[in-house]
Amino acid sequence: MASIAYLRGTGNTRFGRLPGSAPLPLMAEAADAALAEAGLARGDVDGVLCGYATTLPHLMLADLFCEYASLSPAYAHGMAAGGATGGAMAMLARELVRGGRCANVLVVAGENRLSGQSRDQSIQTLAQVGEPHVEVPNGASVPAYYALLASRYLMEAGIARDALADFAVLMREHARGHPDAHLREPLNAQDARAAKPVASPLLLSDCCPISDGAVAVVVSAQPGPGRPVRLAGAGQAHRHQHLCAMDSVMVTGAGEAAARALGEAGRTVDQMDYLAIYDSFTITLVMLLEELGVAPRGRAHARLLAGDFARDGAMPLNTHGGLLAFGHSGVAGGLMHLAEAARQLAGLAGPRQVAPRRRALFHADGGVLSSHVSLVLEAE
C-alpha cells in the first residue's frame with residue numbers, strides 16, 4: 001500500500017476563445033502535456049477521473065474520453081461538484097493511489113464553454129445551481145447569488161466595495177505573465193472601479209470570464225522526474241447547496257475543509273507559503289481568504305496592500321491569474337489553480353517562478369460557496 005501520492009505532471013491548453021475547439025480534443029491536449037511532464041506513457045495510466053462539461057453533457061464522459069484518447073484504465077469515472085470538482089478529483093486520485101488501487105491517475109477536465117454555447121445557454125446552465133422553487137423562478141443566476149453574498153459580507157466584515165477592485169487588478173497583473181491566460185491586458189484600479197455593473201455591488205471587473213480550455217494533472221505513487229510535490233492533506237465540507245439555505249456568510253464550510261486538510265498534513269495556515277484559492281468573483285476570493293484564516297475578518301485587503309499576495313510576497317496568490325484573469329472553463333478553471341501550485345512548488349513555473357516555496361494551500365468551492373475542497377501540497 002502506497003502512503004504518499006505525488007503530483008507528478010501537469011498540462012494545460014491555452015484559455016480564451018478557441019474557435020473550432022471541442023471538449024475531447026482540448027482534454028486530450030492537456031492530458032498529453034501532463035503525461036509528457038510526468039514521463040509516462042498512455043499504458044502507464046491505470047486510473048482516469050474526468051470532470052463534467054456543460055457543452056458535452058455525456059452520462060459516461062470518462063469512458064468517452066478514454067476511448068477518444070486511447071486509454072484503457074482499470075478505474076475510471078466522471079465527477080461533478082461544481083467549481084470544487086477539480087479539487088475533489090485530485091483528492092479521490094490521492095486516495096486511489098494511497099490505497100494501492102492505482103499507480104498513476106490522470107485527472108482531466110476541459111470544455112469549449114465560451115465558443116461552444118450561446119450566452120443565453122450559459123446563463124441558463126449556471127442559473128440551475130439555484131433553489132428551483134424560490135430562487136430560479138425569480139430570474140437569479142450565479143452573479144446575482146454572489147452579489148447577494150457580497151452585499152451581506154461587505155457589510156458584516158466592514159469592507160469597502162472599492163477594495164474588491166484591487167484583487168481584480170492583482171489577478172490581471174499575474175495573468176500578464178502567463179502566455180496561456182485569457183485576459184492579459186493591463187487593468188488598473190481606476191478602470192476596475194469604473195467597470196459596468198453586473199449585479200450590484202459586483203462590477204464586470206469582479207467577475208471571471210467564460211473561457212474555452214482544458215487542464216490535466218497526474219497523481220502517482222512515484223514522484224517521477226524533478227522536485228517531488230506530494231499531496232500531504234485533504235479535506236472537504238458541505239453545509240448547504242442553495243443560497244437560501246445558508247446559515248451565515250461567515251461560515252460557509254471553507255474553514256472546516258481547510259482545518260481537515262491542514263490537520264491531516266500536520267500544518268497550520270501560517271506555515272503555507274503559496275496560495276491557490278478559487279476566485280470566481282472577487283468577493284469569493286475575499287471571503288475564502290478570510291474564512292480559511294489567511295487574514296482576519298475584513299483584513300484580506302490589508303494583506304494585499306502590504307504586498308503579501310504578490311509574486312514576491314510572503315504568500316503569493318494565484319500566480320497564473322486565477323479564474324478572474326487566466327479564465328474559467330468550467331472544471332478546468334479550478335483545476336488550473338492546482339496545476340499552477342504544483343508547478344511553483346516543483347520549480348517548473350518558468351518566467352512566473354517565485355522564490356522557492358515548500359507548502360501550498362489549495363481551496364476550491366462549487367455552487368454558491370456550497371461544496372468545499374482543500375488540499376495541502378508539500379515539496380520534498
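Along each chain, numbering runs from 1 in the same order as the chain's sequence is written. The model is predicted, so local features are restricted to residues of pLDDT at least 70 and side-chain atom pairs to those at 80 or more, both for listing and for counting; the totals for chains, interfaces and linings are taken over all residues. Side-chain metrics rest on all non-hydrogen atoms present in the structure, leaving aside hydrogens and water.

In the nomenclature of an unreviewed UniProt entry, the protein corresponds to Thiolase C-terminal domain-containing protein from the organism Cupriavidus respiraculi.

## Some details on unusual backbone geometry
For the bond from Ser200 to Pro201, the omega torsion is 10 degrees, close enough to zero to count as cis. Structurally, Pro201 can be placed in the loop between strand E5 (197-199) and strand E6 (202-203). Despite not being glycine, Asn318 has its phi angle at roughly 45 degrees, a positive value. With respect to the helices, strands and loops of the structure, Asn318 is situated in the loop between helix H10 (300-305) and helix H11 (322-325). In this description a helix means any DSSP run of H or I spanning at least four residues, a strand means any run of E spanning at least two, and both kinds are numbered starting from the N terminus.

## Digging into the nonpolar core
Note on terminology: a nonpolar core comprises buried Ala, Val, Leu, Ile, Met, Phe, Trp, Tyr and Cys residues joined through side-chain atoms within 4.5 Å. Accessible area is worked out with a 1.4 Å probe on protein chains only. A residue is then buried under 20% of its type maximum, exposed over 50%, and partly exposed in between. The biggest cluster of nonpolar side chains holds 103 residues, and the ones touching the most others in it are Ile283, Leu289, Leu375 and Leu377. Tallying contributions element by element places helix H12 (residues 331-346) first for this core, with 10 residues. In this view, Leu375 contacts Gly87, Ala90, Met91, Leu231, Gly233, Ala234, Ala261, Leu338, Ala360, Leu361 and Phe362; residues no more than four positions away in its chain are not counted. Leu24, Leu40, Phe65 and Val108 belong to the second largest nonpolar core, which has 26 residues in total. Throughout, a residue-residue contact means that at least one pair of heavy atoms, one from each residue, lies within 4.5 Å.

## Observations concerning the environment of Ala276
In this fold, Ala276 is placed in strand E9 (residues 274-277). Placed 99 residues apart in sequence, Ala276 and Leu375 show a C-alpha to C-alpha distance of 9.5 Å. Not counting chain neighbours up to four residues away, the residues in contact with Ala276 comprise Asn318, His337, Ala341, Leu361, Phe362 and His363.

## Section: the side chain of Asp365
By secondary structure assignment, the location of Asp365 is in strand E10 (residues 359-366). This count recognises Lys and Arg as positive and Asp and Glu as negative, with His and chain-terminal groups excluded. Here, a salt bridge means any side-chain nitrogen of Lys or Arg that lies within 4 Å of a carboxyl oxygen of Asp or Glu. For Asp365, which is buried and forms no salt bridge, the nearest opposite charge comes from Arg113, at a distance of 12 Å. Among the polar contacts made by the side chain of Asp365, one reaches the side chain of Tyr146 at a distance of 3.1 Å. Polar contacts involving the side chain of Asp365 include one to the main-chain amide nitrogen of Leu369, which spans 3.3 Å. With near-sequence residues (within four places) excluded, Asp365 lies in contact with Gly83, Ala84, Tyr146, Tyr278, Thr284, Leu288, Ser370, Ser371 and His372. Pairs of N or O atoms within 3.5 Å make up the polar contacts considered here, provided that, within protein, one atom can donate a hydrogen while the other can accept it, and that residues adjacent in sequence are counted only when both atoms are side-chain atoms.

## Considering the pattern of salt bridges
Across all of its chains, the model carries 18 salt bridges by this definition. Note that Glu378 and Arg267 form a salt bridge whose closest N and O atoms lie 2.7 Å from each other. Of the two residues, Glu378 is situated in strand E11 (residues 371-379) and Arg267 in the loop between helix H8 (254-265) and E9; the sequence distance between them amounts to 111 residues. When its relative accessible area of 3% is taken as the criterion, Glu378 is described as buried.

## A word on the packing of aromatic side chains
Here a pair means two rings of Phe, Tyr or Trp (six-membered ring of Trp) with centres within 6.5 Å. Their orientation is stacked below 30 degrees between planes, edge-to-face above 60, and tilted elsewhere. Inspection of every chain in the model, using the stated rule, returns 2 aromatic pairs. Considering the side-chain rings of Phe15 and Phe326, the 4.8 Å spacing of their centres and the 55 degrees angle between planes classify their relative orientation as tilted. On the criterion of sequence distance, the pair formed by Phe15 in the loop between strand E1 (6-12) and helix H1 (23-38) and Phe326 in the loop between H11 and H12 is long-range, its members being 311 residues apart. Just as Phe15 is buried, Phe326 falls in that class too.

## A closer look at the pairing of strand E4 (residues 104-112)
With 9 of 9 residues buried, E4 is to be regarded as a mostly interior element. Because side chains alternate across E4, one face comprises the buried residues Asn104, Leu106, Val108, Gly110 and Asn112, and the other comprises Val105, Val107, Ala109 and Glu111, equally buried. Pairs of strands are assigned from DSSP output, requiring at least two bridges between the strands. With 4 bridges joining them, strand E2 (residues 47-51) and E4 adopt parallel strand pairing. Its bridge partner lying in E4, Leu49 is registered against Val107. Here 9 bridges tie E4 to strand E7 (residues 212-220), and the two strands are oriented antiparallel to one another. Bridge pairing in E7 places Val108 opposite Ala216.

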